[in-house]
Structure formats: structure tokens, C-alpha cells
2 protein chains.
Amino acid sequence: MTEKPEILNALAANASAVSDVLDALLRECNGHEKKLMEAMRYASLAGGKRVRPFLVTASAALFDVPPERALRAAAAVEMVHCYSLIHDDLPAMDDDDLRRGQPTCHIAYDEAMAILAGDGLLTLAFEVLAQVATHPDGGIRADLVLALAKASGHEGMVGGQVLDIYADEHDLDLDEISRLQRMKTGALITVSCAMGAILGQATYVERAALDAYARDIGLAFQIADDLLDVEGSEDEVGKKIGKDEDAGKATFVSLLGIEAAHAKAHALSEQAQEHLAIFGEKADSLRDLAKFIVNRRS
Amino acid sequence: MTEKPEILNALAANASAVSDVLDALLRECNGHEKKLMEAMRYASLAGGKRVRPFLVTASAALFDVPPERALRAAAAVEMVHCYSLIHDDLPAMDDDDLRRGQPTCHIAYDEAMAILAGDGLLTLAFEVLAQVATHPDGGIRADLVLALAKASGHEGMVGGQVLDIYADEHDLDLDEISRLQRMKTGALITVSCAMGAILGQATYVERAALDAYARDIGLAFQIADDLLDVEGSEDEVGKKIGKDEDAGKATFVSLLGIEAAHAKAHALSEQAQEHLAIFGEKADSLRDLAKFIVNRRS
């Protein structure tokens, strides 16, 4: 019997702590609008590996940031991630029925409530960051807001989703697919590490090292995702697979081939770990995550 | 020939200044995602009276806040207002084709782009507030973000939109309609004045006076809107009228009657002006706005 890898325990412990913070921040209400909070909770307390929150807390831990602060920033990032999943799954967008193994938000509720639950989560993310409990220094709170907004807005995640829709009808080449990835999924991964660095008032060199690490694992994560869409099973992945191929959509796998895609993901994971050298052993959990990302089955 | 009322000139001048700032903040881009920025610009540069931005700049002017700072906060509030109109107009929500006399965003573009343009505007609003150009003090920037997020999220505008959907199928009484108004439209009007006060580092008493003013004109504004829906003409108002009555939906007018609704709106306008006494003549433009709100034809 092989022992459960340490990273899985670390991810699970962090996911549980983040869920507790989300649970406390998403307070139920009794007015006629209570279904809204139900939908917000449904979409954000449903599990998931919580990779982005892990990046926030593991990056913050490099600088000995108090965990309760890091967890608030981690919860804010997860709210943005969950809002983006709700809106991406809508009939007008990817029209997905299944997410993390359960009905998507607009199936469980309805389209209007799904749109509004997404809007509510996005807005609450910024509210949480701007609260004094996140950090006593207002400049740091504002920097967190600024970083998360830039990463998730039209120059980042939202712009990336537009590129993804464009890709449904156009053949993208490797440069274009790479830009799509950097905007749609990479930006939120990079800002997760950056928020740890902001909370920890990292030096320029430390911040640059984390940025380089995050860019590499972000790309590795996407390539691994594309591989799972080809090689994974629906049960394990928790969402429909084979979609990109069915849609004739270019991915890293279709452009590079399966073998080269595996090789590239692993090379990126190695390179990501090298960027962490300046942090010594303190960065072991980030190294473990870089390994995990390219070996995961879901 | 009657002279054009001064408030109309003041509103027009402010609207023009806000549009210039929005135009500069919404920079066009050349990537495949350029349609997104087009849609964001389409929905936010189309005119409108810009009442909320006027409240920000007029409130900030009470405390001699430099106009370039107030205009950035004003632009952020307008982005949130415009995002809410885009999402409210969607087929899954109010399903409106006409807004400010032109096709709504999902008609001019498509549903996916409209959802994303709204998301992009909401996100950019917080980005703009968090930037140093809005105020050199990070604590003030964070306070602006916090105030706008609270007003526009699940406890404010987004929650209010859920109540409005609920109202389509339930008969609300006056208390419930009032709560709906405070959340759906009142919160953003109140925070517009509050942001001027935050930028101006107002005292507690000054802040409370502005809050009271804003609550009164917010309610007066909604009653006047309900009256326009009954008494206005589609040409003047720039959107479909008679909708609430056709839908059998309770409004301040249906609950109070036309005459009492007029009387209440005017009483609120008077009361709002009285709250401004501590500011003396400096608050004349806010007083003029309170008068205008209940006398407007569109």
C-alpha cells in the first residue's frame, strides 16, 4: 500500500480551512433574496481542490503572514474562480450541465440566479479584500484589490474567456493558445501567488521568483487539463470530457501531440521548482504542488 | 423663452467630464478579444444623465476634493451602474431590447458578450478605485472599494435585483417595495455621496447628513421613475414604458396612487434639501439635483 502523498493532505487541509472561511463570509439571510446566498454558497462550497487558495496561503507562508489574513485573500480568489465557473457554464457561454460532479448553478437554480450569484461572488471578493481584517495597512488592502481586479478583468480572465469563445470558431496557433491560457487561467494563478507576496511585503526579487513559478505552473496546469480532457475519465474529472476534441477545438494537446504535451508539462514543472531556489526548504509545499499538478488524475 | 435650468447645464458638464474619464479608462485593444472592450464602451459611453457620478463629484466638491480624483470615483460608480443595466436587460432577467434609446448590449452584441462586458465593467470599477491616481492614501482607496462593493453586492444592488425578480411573482407591500428600492437602486445612490465623503475625509456628522440626503433622493428618484413609467412617453424616457402596469407589478404608484406618489416624491425632495443645511451654499448643486429628480421628464 502506498502512502497518500503529503501534497494531497496539505491540499485537503487547506481546502477545509478555506471552506470554513468561505462558509463564514457567505452568511445566510432571511429576506426574500435568500435564494441568492444559497446559490452563492452552492457554487462555492461544493469542494474542488482549491489550488488557487493553496497558492495564496503557501506563498504567504514564505513570508510568515498570519494564516487568518492569508485565508481571507485565499477565499477572495476562490470566490472569483467560482464566479467565473458559474458564468462560463451558462447556456450563452459553454452551456455545461455538470461541474465538480454536480449540476451547474443555472441547472440547480436558474439562469437569472446564476448570473446574479456570479455577480455577487465577484463583488464580495473585493469587499473581503478591502476589509481591515485582511490587513491593517490600507495600502496593502488596495494593492490586493488592484492585483485581483487586473488579473480577473478584461485584460485577464474575462478577456481570456472572450478569446476562448473566439477559439470556438477560429483555428488558433500555439502563440494564440498560449495567450488565451495566460489570460483565461494563468492570470488568476499568477495573482494567487502575488497576493501572498503582497501580504508578505515581499522584495522585488522574491516577487519576481514567485511570478516566474506561477507562470510556469499555470501553463503546466492547462496542458495537464488538456491531457485529462483526452486521457481522463468523466468520473474522475467530475465534468464532461472529450469536449475539445468533439468541438474540433485546438488545444496544447492537439497542437503538440500527447507525448510532447506530457514532456512540456513536466519540463515546466521542473522549471517552476527551480525558480523557488531563493526560498530554500520553506517553498517545499509549492514544489510539491508543481509536481502534483502534472501528475494529477482529476 | 425660459432659460435652461442651471442643473441641466451642471449635469451635462459633469456627464461630459465623466465620459472623458470613462473613455480614457476603457482603452481599445487589438487582440481577438477587442469586441469585449467595444461592448464595454458601447454600454457605458452611450450617454445617460449620469446622476450617480454627479452625486460623487458634487459631494466631493463639498470638501474641496481635487476634481480629477472625484471623477475617477464617479467613473467607477458609473461602470457599476452600467454593468447592472447590461445584466438586468439580459433575456434571463428583464429581457429588454431598448436602453437609453438604443439596442441593449446583448442585442447589439450577443448574450455571452453582454455577460462578459458586465463582468469586465464591474471588475474595472474596483481596479480604478484601487489605483494610486484615485487617492494617494491606501486606506482611503480601500474604503472606497469597500463602500462600493457593499452597496453593489448581495446586500445591496445584486440582492435588490433578486427581490425585483421575486416581485414579478409575488405581491409586495409598501415595506417590501421600500426595501427593494433601498437595495436595488438606493444603495448605489447612497454610496455615490458616501464616496465623495470618503475622498473628502468628511466628519461623522457630515457623512450622516449626506447619507440622509442620499436616502431621501434615492427614494424620490424611484417614485419619480415609477411615475414616468405611468405618465411618461417612450420617446422622452428612452426605454419601454408602462411595463410595470402591464406586468401587474406593484410599484410606489400602484400602492400609493398617482397623486400621493407625487406628493411623497416632493416631500422627500424637500426633506433631502434640509439635510444639507450644515453645508450652506456649497451644497446648492445637490439641492438643485434634489429638485430636478422629482421634476424630470426622462
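Calculation notes
- Residues numbered from 1 in each chain as written.
- Chains lettered and ligands numbered in written order.
- Predicted model: local features only at pLDDT ≥ 70, side-chain atom pairs only at ≥ 80, totals over all residues.
- Helix = DSSP H or I, 4+ residues; strand = E, 2+ residues; numbered from the N terminus.
- Rg over C-alpha atoms; globule rule 2.2 N^0.38 Å.
- Buried ≥ 20, exposed ≤ 12 C-beta atoms within 10 Å, placed from the backbone.
- Contact = placed C-beta atoms within 7 Å.
- Least-squares fit on C-alpha atoms with pLDDT ≥ 70 in both.
- Expected span 1.5 Å × (residues − 1).
- Axes fitted to C-alpha atoms, helices over the stretch in contact; angles between N-to-C directions.
- Parallel < 35°, antiparallel > 145°, perpendicular 65-115°, else oblique.
- Left-handed = near helix turned anticlockwise from the far one by under 90°.
- Nonpolar A, V, L, I, M, F, W, Y, C, P; charged D, E, K, R; others polar.
- Core = buried A, V, L, I, M, F, W, Y, C linked by C-beta atoms within 7 Å.
- pLDDT = per-residue confidence, 0-100.

(A) Fine view of the overall build of chain A. Of regular secondary structure, chain A possesses 15 helices and 2 strands. Over its C-alpha trace chain A gives a radius of gyration of 18 Å, about what one expects of a compact globule, namely 19 Å for 298 residues. Relative to its full complement of 298 residues, chain A shows a buried share of 54%. Put simply, of all contacts in chain A between residues at least 6 apart along the chain, 71% involve residues at least 24 apart.

(B) Molecular detail of the relation of the copies chain B and chain A. For the pair chain B and chain A, the superposition axis carries a translation of 0.0 Å, the fit reaches an RMSD of 0.0 Å, and the rotation angle comes to 180 degrees. As the rotation angle and translation indicate, the two copies are arranged about a two-fold axis.

(C) Expanded view of the interface of chain B and chain A. If you look at the interface, chain B gives 42 residues, while chain A gives 42 residues. When contributions to the side of chain B that touches chain A are tallied by element, the ones reaching two or more residues are α2 (34-44), α6 (111-130), α7 (138-152) and α8 (157-167) of chain B. Among the elements that line the side of chain B that touches chain A, the one with the most residues is α6 of chain B, at 12 residues.

(D) Representation of helix α15 (residues 284-295) of chain A. All names here are of chain A. For α15, built from 12 residues, the straight-helix expectation of 16 Å at 1.5 Å per residue is met to within 8% by its first-to-last C-alpha distance of 17 Å. Among the residues making up α15, those that are buried are Ser285, Leu286, Leu289, Ala290, Phe292, Ile293 and Val294. Those residues of α15 that are buried are in contact with α1 (6-25), α3 (51-61), α10 (204-231) and α14 (258-275).

(E) Up close: the packing of helix α4 (residues 67-89) of chain A against helix α7 (residues 138-152) of chain A. Residues and elements named next belong to chain A. α7 packs onto α4 with a crossing angle of 20 degrees between their chain directions and a minimal axis gap of 11 Å. One way to sum up the angle between α4 and α7 is to call them roughly parallel. Here α4 and α7 pass one another in a crossing that is right-handed. Between α4 and α7, the residues in contact are Ala73, Ala76, Val77 and Val80 and Leu144, Leu148 and Ser152, respectively.

(F) Expanded view of the packing of helix α1 (residues 6-25) of chain B against helix α3 (residues 51-61) of chain B. Residue and element names in this part refer to chain B. Across the interface, α1 lies against α3 with an axial gap of 9 Å and an inter-helix angle of 95 degrees. Between α1 and α3, the interaxial angle falls into the category roughly perpendicular. Contacts from Leu11, Asn14 and Val18 in α1 reach Pro53, Phe54 and Thr57 in α3. Across the contact of α1 with α3, the residue classes break down as 4 nonpolar, 2 polar and no charged.

(G) Region of interest: the environment of Ala43 of chain A. Residues and elements named next belong to chain A. Looking at where Ala43 falls in the secondary structure, it is placed in helix α2 (residues 34-44). A C-alpha to C-alpha distance of 26 Å links Ala43 and Asp168, two positions 125 residues apart in sequence. Those residues in contact with Ala43, other than ones at most four positions away along the chain, are Cys82, Ile86, Cys105 and Ala117.

(H) Here's a closer look at unusual backbone geometry. Phi at Asp95 of chain A is positive, roughly 55 degrees, even though this residue is not glycine. Considering the arrangement of structural elements, one finds Asp95 of chain A in the loop between α4 and β1 (98-99). In this structure, Arg50 of chain B takes a positive phi of about 60 degrees despite not being glycine.

(I) Geometry of the environment of Gly242 of chain A. All names here are of chain A. Looking at the secondary structure, you find Gly242 in the loop between α11 (234-237) and α12 (243-246). For Gly242, a count of 11 C-beta atoms within 10 Å puts it in the exposed group. Once the C-alpha coordinates of Gly242 and Asp229 are considered, the two residues, 13 residues apart in sequence, prove to be 5.2 Å apart.

(J) Quick look at the nonpolar core. By size, the foremost hydrophobic cluster in this structure holds 205 residues, and its most contacted members are Val145 and Leu148 of chain A together with Val145 and Leu148 of chain B. In contact with Leu148 of chain A, not counting residues within four places along its chain, are Ala76, Val77, Val80, Ala125, Leu129, Val191 and Met195 of chain A.

(K) Layout of the environment of Gly257 of chain B. Residue and element names in this part refer to chain B. Along the polypeptide, Gly257 turns up in the loop between α13 (252-256) and α14 (258-274). Judged by the 11 C-beta atoms lying within 10 Å of it, Gly257 falls in the exposed class. For the pair formed by Gly257 and Gly196, sequence separation is 61 residues and the distance between their alpha carbons is 35 Å.

(L) Spotlight on the confidence of the model for chain A. Mean pLDDT for chain A: 94, with 95% of residues reaching 70 or above. Here the predicted complex carries an ipTM of 0.95, next to a pTM of 0.96.

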